[in-house]
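# Descriptive structure summary
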Amino acid sequence: MDKPEVILLDINLPGIDGNEVLRRIRKFDPIVSVVMLTAFATVDNAIHALKEGASDFIRSPSRMNI
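What you are looking at is a predicted structure, and each value in this text was computed from that prediction instead of being measured.

The next point concerns the sheet that holds strand β4 (residues 33–38). Strand order in the open sheet formed by three strands is β1-β4-β5, and the pairing between neighbours is parallel. Of all the strands in the sheet, the pair left with one neighbour each is β1 (6–10) and β5 (56–59). The average undirected angle you get between the axes of adjacent strands in this sheet is 25°. Pairing of β4 with β5, which is carried by four bridges, proceeds in the parallel orientation. Residue M36 lies in a different strand from β5, and its bridge partner there is F57.

What counts and how
- Residue positions are given per chain, counting from 1 as you read along its sequence in written order.
- With pLDDT at 70 or above as the cut-off, local features in this predicted model cover only qualifying residues; side-chain atom pairs require 80 or more to be listed or tallied, and sums for whole chains, interfaces and linings still use all residues.
- Water and hydrogen atoms were dropped before computing side-chain values, which therefore reflect all heavy atoms in the structure.
- When DSSP locates at least two bridges between a pair of strands, those strands are taken to pair.
- Secondary structure follows DSSP: runs of H or I at least 4 residues long count as helices, runs of E at least 2 residues long count as strands, and numbering of each begins at the N terminus.
- Think of each axis as a best-fit line through the C-alpha atoms, taken over the contacting stretch in the case of a helix, with angles from 0 to 180 degrees between the N-to-C directions.

And the structure:
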């Protein structure tokens, strides 16, 4: 089974916290890179995500035009 090399994960998800998803990912795959994204970044959120095993933490624009 192919596994991703990088996962982009938003902190604010409907029905579940992104940090909880990160913990579940780490139990399944401790090596995959997980980049946390949020439009509502705080230093505390970034520190918490990095301590939980995120590879990076990026503040995304509050509105993205795709």
